[in-house]
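Geometric and topological summary
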Amino acid sequence: LAAGETVTIVALGDSITTYFGNRSRDRGYYKVPLDAASYYGVFAGYLRLAHPKAQVRLINKGIGGETADRGLKRVEKDVLSQQPDLVFVMYGANDGRAGTAEGKPGHDRKQFRNELKQIVGKIRATGADVILVAPTMSLTDLAWLLPYRETALSLRDELDCPVLDGTLALWPVDESVHSLEDVHHYLARHFPPNGDDIHPWFSGHFQMGRRLWEQLGKGPAINPLTFELETPEPLRMEGRTRLALTITNRSKQPFKGAVQVFFPENMPIAESAPVTEELPNLATGARRALPPLALELAPGESRVIDWRLELPALQTVCDSALLMSWLGPRSGVGIATFTESGNYLDYREPQFFQTAITASETQYRLDGAAPVAKIGSTITNLTGNPLTGRLHLADLPGREIALPANGSVTVTSDLPLPESTRSSVRTGTPARITDADGTLIGLSSFLFDAAPCVNALDRPASIDADTAEWEADEWHAFDAGNARAEFAVRVNAGQLYLAMRAVDPVLSFEQLPRIWQNSDGFELYLDARDEAQLNTPGPTFQLGFFPPKDADNSLVVAPGFGAPKTGLEAVKTAWKQTADGYVIEVVVPLAMLGAGEWPPGRHIGFGLGCNDVAAPGEPRTQYQWTGNLQNYRSPVAYGWLRRGPGPVAWRVRVQ
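1. Some thoughts on unusual backbone geometry
Located in the positive-phi region is glutamine 83, a residue other than glycine, with phi close to 50°. Secondary-structure assignment places glutamine 83 in the loop between helix 4 (68-78) and strand 5 (86-90). Given a relative accessible area of 67%, glutamine 83 falls into the exposed group. Phi is positive for asparagine 406, which is not a glycine, with a value near 55°.

Now the structure itself:
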């Protein structure tokens, strides 16, 4: 820098790195230079001020929607290939916000931490410098992101690089704010007026770049207060449980200010309704929080504030991935501190249980004609004393568990699967540990997915939207919400044939012409990797088949993730509208799928989605024959497609 040599700075991350200067992800973004409207470009501006001869080259390698595991997979190709001198790495927004999406838990924090370490290690091994940035914030989902901020910040003493705080880079650290309501409206000025609640625009990126530069020089901000969160009484289902936060002034100076505790929006806090605020942009602020508490504490003095958690019945809790994530915990209690000299942000996880229960390796087998899932449960003792308890899993008889101090044991249980081979199974299974007195000392919920295999019979088909020749085949039905959907599949001479039928009473060109959009139809997912890899994350191949807006036009074929953008003319299609829905037939070259030689008996990963068109003005929903909307992200959720007939096989997944 001082010598005026060219310095290459690469930014690796998600959409906050990518969508600099955005209006919103749905409405496009301003085409502005990186150095004018990205946090790392603003940071580079301060480098130029400090070193007037510096020649800085900026490269944006962010990908919207990405989590740290995907960043790790592409760090060599996208980052190290640029021969960078400095790399910004920021992940966590999607890893954490997954906890708010359709009730799914967020990305595992231990994995997230390890992935960040590996990313930094790969970059440092080349001699490049790294600045790891703990994830920035959201106006409405902050309580879900704080655990991932905490995870990134916990690496400060382990990594050979600075770890800066992206959340405090947007937080009003030195502005005059006195409550979360003030903070909410302050933050709204840093997000686009017609945008969302997590992608900052010009002012937000400038604020982040300036604050990160300051953090690099000053080091982390130290809150004068410390916090300890306890549950003084056992957790009650269908009752109220007290939580207590002890606030202590550990500084040598008297403390005068305010503290406000806040929670994820849907947490069942007794007598605390969510506060909803209309903000200057499109985001709507909703949160649960205790009122701000004014405090004056002498050095060493403590104060306790408490509140009540009110949980519903056990099964209701276990059926809610969001509640289980919080009890797990994957999210906790946010604590905002306001003083005249500075404002701070902290986070504490509640410790409700003495044990933790996680799903381990899952196997499948056939006992006679009945399929069985063999599920492993790892129980960890979170205390320093030996524990004995009883494991209760689904409707199986309880079994005694003896746990060494701070140790773990793994036990396996056999869960029968439905004998039906025509549809997938998706259900939540409570897992709990009770002590000798029947007190709940451990709780988890296993999300259980099972999908039978589909056999692709070796015979050709005419692509003419007439399914009469398919009637002798096995049709596989699946739940498509307001619609009803089914499909049959064949293979012949290097071609994959697929017949699909959807029945939906709202489909009508005459009465509801606007209902036909390019999102109404079927989506095909395939993973043609080696069979041993099909239970692991990997590449995705996606094609969409959508009826047009006019009954006389051709079917729309849309390439998705992993599909080539050219050569789609090799996909042959036919469709027709029926009295109560539509029929689609397609033939796709196996070479396009990457399947190559597909010998009889071999499985490939397979999934099919049907987009429910719903009623006018209602949101559309995609329903999967196997897995769920996670199919977009990972083939781990796929089922199996086998060439030729064979015995029933199941694809089993537990999380």
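Let's pick the thread back up.
2. Re the pattern of salt bridges
In the structure shown here, the tally under the stated rule is 24 salt bridges. A salt bridge links glutamate 175 to arginine 211; the nearest nitrogen and oxygen atoms lie 3.2 Å apart. Pair noted here: glutamate 175 is in the loop between strand 7 (163-165) and helix 8 (180-188) and arginine 211 is in helix 9 (residues 202-218), with a separation of 36 residues, a long-range link. Using a relative accessible area of 25% as the deciding quantity, one classes glutamate 175 as partly exposed. A salt bridge links glutamate 486 to arginine 501; its shortest N-O distance comes to 2.7 Å. One end of the pair, glutamate 486, is in strand 25 (residues 483-492); the other, arginine 501, is in strand 26 (residues 495-503), with 15 residues separating them in the sequence. The class of arginine 501 is buried, set by a relative accessible area of 18%. Ionic contacts of the salt-bridge type, sharing partners, join the residues Glu66, Arg74 and Asp78 into one network.

3. Structural notes on helix 7 (residues 142-153)
For helix 7, built from 12 residues, the straight-helix expectation of 16 Å at 1.5 Å per residue is met to within 8% by its first-to-last C-alpha distance of 16 Å. Counting buried positions over the 12 residues of helix 7 gives 11, a clear majority of the element. Residues Leu142, Ala143, Trp144, Leu145, Leu146, Pro147, Tyr148, Arg149, Thr151, Ala152 and Leu153 constitute the buried set of helix 7.

4. Quick word on the packing of helix 6 (residues 109-124) against helix 7
Remark: helix 6 packs on helix 7, axes separated minimally by 10 Å, with the N-to-C direction vectors making an angle of 40°. By the criterion of interaxial angle, the relationship of helix 6 to helix 7 is oblique. Remark: the crossing between helix 6 and helix 7 carries right-handed chirality. In this structure, helix 6 uses Arg109, Phe112, Arg113 and Leu116 to contact helix 7, whose residues at the interface are Pro147, Tyr148, Thr151 and Ala152. For the contact of helix 6 with helix 7, the per-class residue count stands at five nonpolar, one polar and two charged.

5. Re the side chain of glutamine 215
Along the chain, the position of glutamine 215 falls in helix 9. Taking the relative accessible area as the measure of exposure, glutamine 215 reaches 13% and is therefore buried. Sequence-distant contacts of glutamine 215, that is, excluding residues within four places in its chain, are made with Leu164, Asp165, Leu168 and Ala169.

6. Some details on the sheet that holds strand 7
Spatially, 4-1-5-6-7 is the arrangement adopted by the five strands of the open sheet, whose pairing is parallel. Edge positions in the sheet fall to strand 4 (55-62) and strand 7, since each has one partner strand and no second. On average, each strand axis in the sheet is tilted by 20° relative to the strand beside it, whichever way the strands run. Against the sheet, helix 6 makes contact with strand 1 (6-13), strand 5 and strand 6 (129-134), and its axis sits at roughly 160° relative to strand 6, the strand it touches most. Docked against the sheet, helix 9 engages strand 5, strand 6 and strand 7, running at close to 135° with respect to strand 7.

7. Looking at the environment of lysine 117
Along the chain, lysine 117 turns up in helix 6. As for lysine 117 and glutamate 158, which are separated by 41 residues in sequence, their C-alpha atoms are 8.7 Å apart. The residues touching lysine 117, leaving out its near neighbours within four places in the chain, are Leu155, Glu158 and Leu159. Engagement of the side chain of lysine 117 in a polar contact is seen with the side chain of glutamate 158, the distance being 3.0 Å.

8. Section: the packing of aromatic side chains
One pass over the structure, following the stated rule, counts 15 aromatic pairs. With centroids separated by 5.8 Å and ring planes inclined at 85°, the aromatic side chains of phenylalanine 487 and tryptophan 625 adopt a geometry described as edge-to-face. With phenylalanine 487 in strand 25 and tryptophan 625 in the loop between strand 33 (621-624) and strand 34 (639-643), the pair connects residues that are 138 residues apart, well separated along the chain. Take tryptophan 625: its relative accessible area is 0%, and that puts it in the buried class. Measuring from centroid to centroid gives 6.0 Å for tyrosine 525 and tyrosine 638, while their planes differ by 50°, and the two rings are tilted. Here the residue tyrosine 525 occupies a position in strand 27 (residues 522-527), and tyrosine 638 occupies one in the loop between strand 33 and strand 34, the gap between them amounting to 113 residues. The exposure classification of tyrosine 525 matches that of tyrosine 638, with both residues buried. Site record: aromatic cluster; members linked through ring pairs are Tyr39, Tyr40, Phe43, Tyr46, Phe88 and Trp213. The residue whose ring lies beneath arginine 490 is tryptophan 470, and the NZ or CZ to ring-centre distance is 4.5 Å. Directly above the aromatic system of tryptophan 475 lies the positively charged group of arginine 501, at a separation of 3.5 Å from the ring centroid.

9. Points about the side chain of arginine 288
Looking at the secondary structure, you find arginine 288 in strand 12 (residues 284-289). A relative accessible area of 13% places arginine 288 in the buried class. Within the structure, the side chain of arginine 288 is placed 2.6 Å from the backbone oxygen of methionine 267, a separation counted as a polar contact.

10. Some remarks on the sheet that holds strand 8 (residues 225-230)
Taken in spatial order, the three strands line up as 8-9-14 in an open sheet, and their pairing is antiparallel. Two strands in the sheet have a free side with no partner beyond their single neighbour: strand 8 and strand 14 (302-311). Ignoring strand direction, the axes of neighbouring strands in this sheet form an average angle of 20°. Looking at chain direction, strand 8 and strand 9 (residues 239-249) are connected through six bridges and run antiparallel. From the neighbouring strand, threonine 226 faces strand 9, where its bridge partner is threonine 248.

11. Some details on the pairing of strand 35 (residues 650-654)
Burial analysis of strand 35 places five of its five residues in the buried class, the great majority of the element. Taking every second residue as pointing to the same face, both faces of strand 35 are buried, with Trp650, Val652 and Val654 on one and Arg651 and Arg653 on the other.

12. Description of the pairing of strand 5
Of all five residues that make up strand 5, five are buried, and the element is covered over most of its length. Because side chains alternate across strand 5, one face comprises the buried residues Leu86, Phe88 and Met90, and the other comprises Val87 and Val89, equally buried. As judged from the five bridges shared by strand 1 and strand 5, these two strands associate in the parallel manner. Counted as the bridge partner of isoleucine 9 is leucine 86 from strand 5. Across four bridges, the pairing between strand 5 and strand 6 is parallel. From the neighbouring strand, valine 89 faces strand 6, where its bridge partner is leucine 132.

13. Quick notes on the packing of helix 3 (residues 39-50) against helix 9
To characterise two packed helices, one gives the angle between the axes of the helices and the distance between these axes. Here helix 3 crosses helix 9 at 50°, and the two axes come no closer than 7 Å. In terms of orientation, helix 3 lies oblique with respect to helix 9. Remark: the crossing between helix 3 and helix 9 carries right-handed chirality. Counted together, Tyr39, Val42, Phe43, Tyr46, Leu47 and Ala50 of helix 3 and His205, Phe206, Met208, Gly209, Arg210, Leu212, Trp213 and Leu216 of helix 9 form the full contact between these two elements.

Cut-offs and rules
Residues numbered from 1 in each chain as written. Predicted model: local features only at pLDDT ≥ 70, side-chain atom pairs only at ≥ 80, totals over all residues. Heavy atoms only, no water. Helix = DSSP H or I, 4+ residues; strand = E, 2+ residues; numbered from the N terminus. Buried < 20%, exposed > 50% of the residue type's maximum accessible area, 1.4 Å probe, protein only. Salt bridge = Lys/Arg side-chain N within 4 Å of Asp/Glu carboxyl O. Expected span 1.5 Å × (residues − 1). Axes fitted to C-alpha atoms, helices over the stretch in contact; angles between N-to-C directions. Parallel < 35°, antiparallel > 145°, perpendicular 65-115°, else oblique. Left-handed = near helix turned anticlockwise from the far one by under 90°. Contact = heavy atoms within 4.5 Å. Nonpolar A, V, L, I, M, F, W, Y, C, P; charged D, E, K, R; others polar. Pairing = 2+ DSSP bridges. Polar contact = N/O pair within 3.5 Å; in protein donor to acceptor, adjacent residues only side chain to side chain. Phe/Tyr/Trp six-rings, centres within 6.5 Å; stacked < 30°, edge-to-face > 60°. Lys NZ or Arg CZ within 6 Å of the ring centre and 35° of its normal.

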